[in-house]
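Breakdown of the fold
Each chain, written out:
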Amino acid sequence: MNIISANKLSLHYGDFQALRDIDLDVPAREITALIGPSGCGKSTFLRTLNRMNDLIPGVKITGEITYHGEDIYAPQVDVTALRKSIGMVFQKPNPFPMSIYDNISYGPKLHASLSKSELNDLVERSLHGAALWDEVKDRLKKSALSLSGGQQQRLCIARALSVSPDVLLMDEPTSALDPASTMKIEELMGQLKQDYTVIIVTHNMQQAARISDKTAFFLTGDLVESGQTDQIFTLPRDKRTEDYITGRFG
Amino acid sequence: MNTKNKRKDIVEKTMQGVFFTLGMVTIIAVVTISAYLVLNGLPAIREIGFFEFLFGQVWRSTGTDPSFGILPFILTSFYGMIGAIIIGVPIGLMTAIFLAKIANPRIAAVVNTAVELLAGIPSVVYGFVGMIVLVPFIQQIALHFFGIPSGANLLSAILVLSVMILPSIISVSRTALVAVPRDYEEASFALGATKMETIFKVSVPSARSGITAGVVLGVGRAIGEAMAVMMVAGNVSNMPELFRPVTFLTTAITRELSYASGLQRQALFSIGLVLFCFIMLINIILNFALKRGHKG
């Protein structure tokens, strides 16, 4: 079942066209990887899914993105509710300059007034969800900035989980991390897909091959090819996909 | 292998010396001023008596039976500062937020120019406008509601000071808000926060130390201002009340210095010393109070 579908999606930054007629279906509770060289539009596409591009002046979007069958760019859509359902993890770990606890409780407190014990539960659950609880349970009041890069990124994942989304967008979540932290996050993603739909942008083709169920290859604003990850990496239909995954450019 | 270039070496060493010397100038200035104030300020305090000087309520410097109590000046400066903070800080901070996060670039440019102009206006002009426009206006209010026939009072001074501290609060806070990493704000938006929630729960707390610096700078100006205050405050040594003519620590010095002599003159130096300590104390307290809890 597809949870998100893009139909004829185009995006312009002023005069520059960053995405051209993208058609892509994202299946629920799977990991979809978006790959392609720098500037191909994969991050831009990711950011259209939770309307983060709205924040940039001069962006024009045409076409349609549906989430549970509803157009997310329809005028009556509540963007904050959309972003609550479609969480995001960024390339650079970006915890707030607050305590670990406050980082996690920030989101839930925006949307509901919760009791102290409800918040405590939620913080614990979110940190468990991001496989970070055991490492930080004794120092929840410490600054999030005191954590290592890998821990910070898992904290950001926990923060995204705290508002109970059903989709997680990840924009090159491991590109700023060391191999050991990267491995931990990849393992975590394997667990996350049991409960969440994950869409990940990655520069790293091995990563896409290792963790994703479906892969979409972007090139200069076009979606060249998308399909099951095995098929894309073993039997690409398009010559450009083959050239990219075999390392001939990128 | 290259031999050391002697000439370059000498230039390097000389420049280092020049920079060091120039850096020392500031330190020398601070030390000299502090020493001068302490040396000249202490004798009168010793003669008048520490408590009589600080907590005396009557300042009668020229009578046959002189009395040198500066409590009215201290309280006036304190209330004046609090008043300017209460009015100026919210306006300044909101303007800074507007400029940094909300206004479209064209409007922001216009407001920015206005802020810069405000910063460039000499204090005597503030005083002048205050005297011509504000004081008569306040006088109407004072007369109408309280039957007091004077507009040159604490309230007028507070209003003038509130406007005078705006530029430093706005420009320093704005810079701090602009410097908040975009990452923090994006993370907040991505969790479903609205723009206002993001500004007040993420951007402002992250810019806290810069905003503090702006407020401290503004407050420093408010406490230290003499000229504009002199022109609108009435300059009577009353205990402070909003609609009474009052004298600030600064104006107590300026209004008498030109003709003072003997103990009176020494007492003015002592007021200077008190003002100096007062500003230091306020800076320390503000820094402590506003930055506390910053490291979450």
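Below or above, wherever it landed, is the structure these notes cover. In every chain, residue numbers begin from 1 and rise along the written sequence. Chain letters and ligand numbers both follow the written order, the letters beginning at A and the numbers at 1. Only residues with pLDDT of at least 70 are given local features in this predicted model, and only at 80 or more are side-chain atom pairs given and counted; all residues enter the totals for whole chains, interfaces and linings. Each side-chain value is derived from all of the structure's non-hydrogen atoms; neither hydrogens nor water enter the calculation.

1. Here we look at the packing of helix α3 (residues 71–102) of chain B against helix α9 (residues 208–224) of chain B
A pair of packed helices is characterised by two quantities: the angle between their axes and the separation of those axes. Residues and elements named next belong to chain B. Angles run from 0 to 180 degrees between N-to-C directions of axes, and those axes are lines fitted to C-alpha atoms, restricted for helices to the stretch in contact. Strands are runs of DSSP state E lasting at least two residues, helices are runs of H or I lasting at least four, and both sets are numbered from the N terminus onward. Remark: α3 packs on α9, axes separated minimally by 10 Å, with the N-to-C direction vectors making an angle of 140°. Considering the angle they form, α3 stands oblique to α9. Regarding α3 and α9, the two cross each other, and that crossing is right-handed. Contacts from M81, A84, I85, V89 and L93 of α3 reach α9 at I211, V215, V219, A222 and I223. Tallied by class, residues from the contact of α3 with α9 come to 10 nonpolar, no polar and no charged. Roughly parallel refers to an angle under 35 degrees, roughly antiparallel to one over 145, roughly perpendicular to one between 65 and 115, and oblique to any angle outside these ranges. Here a crossing is taken to be left-handed if its near helix is turned anticlockwise relative to the far helix by less than a right angle, and right-handed if that turn runs clockwise. Contact definition: two residues touch when any of their heavy atoms are within 4.5 Å. Residues are grouped as follows: nonpolar covers Ala, Val, Leu, Ile, Met, Phe, Trp, Tyr, Cys and Pro; charged covers Asp, Glu, Lys and Arg; every other residue, Gly included, is treated as polar.

2. Regarding a positive patch on the surface
Taken together, K109(A), K116(A), K141(A) and K201(B) make up a surface patch of like positive charges. Inspection of the secondary structure puts K201(B) in helix α8 (residues 195–206). The residues that make up patches have over 30% relative accessible area and no salt bridge, and they are joined within 9 Å when like-charged or within 5 Å when they are Val, Leu, Ile, Met, Phe, Trp or Tyr. Every accessible area reported is derived by Shrake-Rupley at a probe size of 1.4 Å, with residue values counting cover from the shown protein chains alone. In what follows, salt bridge is the name for a side-chain nitrogen of Lys or Arg lying within 4 Å of a carboxyl oxygen of Asp or Glu. In this count, Lys and Arg are taken as positive residues and Asp and Glu as negative ones, while His and the chain termini are left out. In this description, the location of a charge corresponds to atom NZ of lysine, CZ of arginine, CG of aspartate or CD of glutamate.

3. Quick word on the sheet that holds strand β1 (residues 2–13) of chain A
In a beta sheet, neighbouring strands are held together by backbone hydrogen bonds and run either parallel or antiparallel to one another. All names here are of chain A. The antiparallel open sheet is built from four strands, whose spatial order is β2-β1-β4-β5. In the strand order of this sheet, the two ends are held by β2 (16–27) and β5 (70–71), each with one partner. Judged from the two bridges that link them, strand β4 (residues 59–67) and β5 form a sheet pairing that is antiparallel. Paired with T66 across the strands is D71, a residue of β5. Helix α1 (residues 42–49) rests against β1, β2 and β4 of the sheet, and its axis sits at about 120° to β1. Two strands are said to pair when DSSP picks up at least two bridges between them.

4. Observations regarding the interface of chain B and chain A
Contacts between the two partners involve 19 residues from chain B and, on the opposite side, 28 residues from chain A. The quantity reported as buried area is the accessible area (1.4 Å probe) lost by two parts once they are put together, taken as the sum for both. Counting each side, the surface lost to burial between chain B and chain A is near 1800 Å², with a carbon and sulfur contribution of 62%. Linking chain B to chain A there are two salt bridges. In this structure, K92(A) engages D183(B) in a salt bridge whose closest nitrogen and oxygen atoms are separated by 3.3 Å. We call two N or O atoms a polar contact when they sit within 3.5 Å, provided that within protein one can donate a hydrogen and the other can accept it, with sequence-adjacent residues counted only if both atoms are side-chain atoms. For the pair chain B and chain A, the number of links is five residue pairs in polar contact (both at pLDDT 80 or more). For the side of chain B that touches chain A, the secondary-structure elements that each account for two or more residues are α7 (182–190) and α8 of chain B. With eight residues, the single largest contributor to the side of chain B that touches chain A is α7(B). Split by residue class, the side of chain B that touches chain A holds seven nonpolar, seven polar and five charged.

5. Some points on the packing of aromatic side chains
Aromatic ring pairs are described here by two measures, namely the spacing of the ring centres and the angle between the planes. Centres within 6.5 Å are what make two rings of Phe, Tyr or Trp a pair, Trp counting through its six-membered ring; a difference in plane orientation under 30 degrees is then read as stacked, over 60 as edge-to-face, and the rest as tilted. Going through the model one piece at a time under the given rule, you end up with 10 aromatic pairs over all chains. When the centroid spacing of 5.5 Å and the interplanar angle of 40° are considered together, the rings of F45(A) and F218(A) count as tilted. One end of the pair, F45(A), is in helix α1; the other, F218(A), is in strand β9 (residues 214–219), with 173 residues separating them in the sequence. Taken together, the ring pairs in this structure connect F50(B), F51(B) and F55(B) into an aromatic cluster. It is K141(A) that lies over the ring of Y101(A); its NZ or CZ is 4.2 Å from the centre. We call a charge positioned above a ring when the Lys NZ or Arg CZ atom is no farther than 6 Å from the ring centre and deviates by at most 35 degrees from the ring normal. Sitting over the face of the ring of F96(A), R159(A) holds its NZ or CZ atom 4.5 Å from the ring centroid.

6. Here's the deal with the side chain of N94(A)
On the secondary structure map, N94(A) appears in the loop between β6 (86–89) and α3 (100–111). Within polar-contact distance, the side chain of N94(A) engages the backbone oxygen of D183(B) at 3.0 Å. Ignoring anything within four residues of it in the chain, the contact list for N94(A) reads C156(A), R159(A), D183(B), Y184(B) and A187(B).

7. Focus: the pattern of salt bridges
Considering all chains together, one arrives at 17 salt bridges over all chains under this definition. R47(A) is the partner of E186(B) in a salt bridge, and the nearest nitrogen-oxygen pair spans 2.8 Å. A residue pair is termed interchain when its members come from two chains, as with E186(B) in helix α7 and R47(A) in helix α1. Of the two residues, E186(B) and R47(A), both sit in the buried class. Notably, a salt bridge pairs D54(A) with R51(A), separated by 2.8 Å at the nearest N-O pair. For R51(A), a relative accessible area of 12% puts it in the buried group. If you follow the salt bridges from partner to partner, you end up with R47(A), D171(A) and E186(B) in one network. Buried means the residue's accessible area, taken with a 1.4 Å probe over protein chains only, is under 20% of the maximum for its type, while exposed means over 50%, and partly exposed covers the values in between.

8. Side note on the nonpolar core
Soluble globular proteins: nonpolar side chains tend toward being buried together. We define a nonpolar core as any set of buried Ala, Val, Leu, Ile, Met, Phe, Trp, Tyr and Cys residues linked to one another through side-chain atoms lying within 4.5 Å. With 106 residues, the main nonpolar core has I4(A), F45(A), F53(B), I70(B) and I271(B) as its most contacted residues. Broken down by element, this core gets its largest block of residues, 11 residues, from helix α6 (residues 154–178) of chain B. By convention here, the domain bounds are inherited from an automatic or database domain assignment. A domain-level breakdown of this core finds at least three residues from each of domain 1 (2–51) and domain 2 (71–295) of chain B. Residues contacting F45(A), with those up to four places away along its chain left out, are A6(A), L9(A), L19(A), I22(A), L24(A), L34(A) and F218(A).

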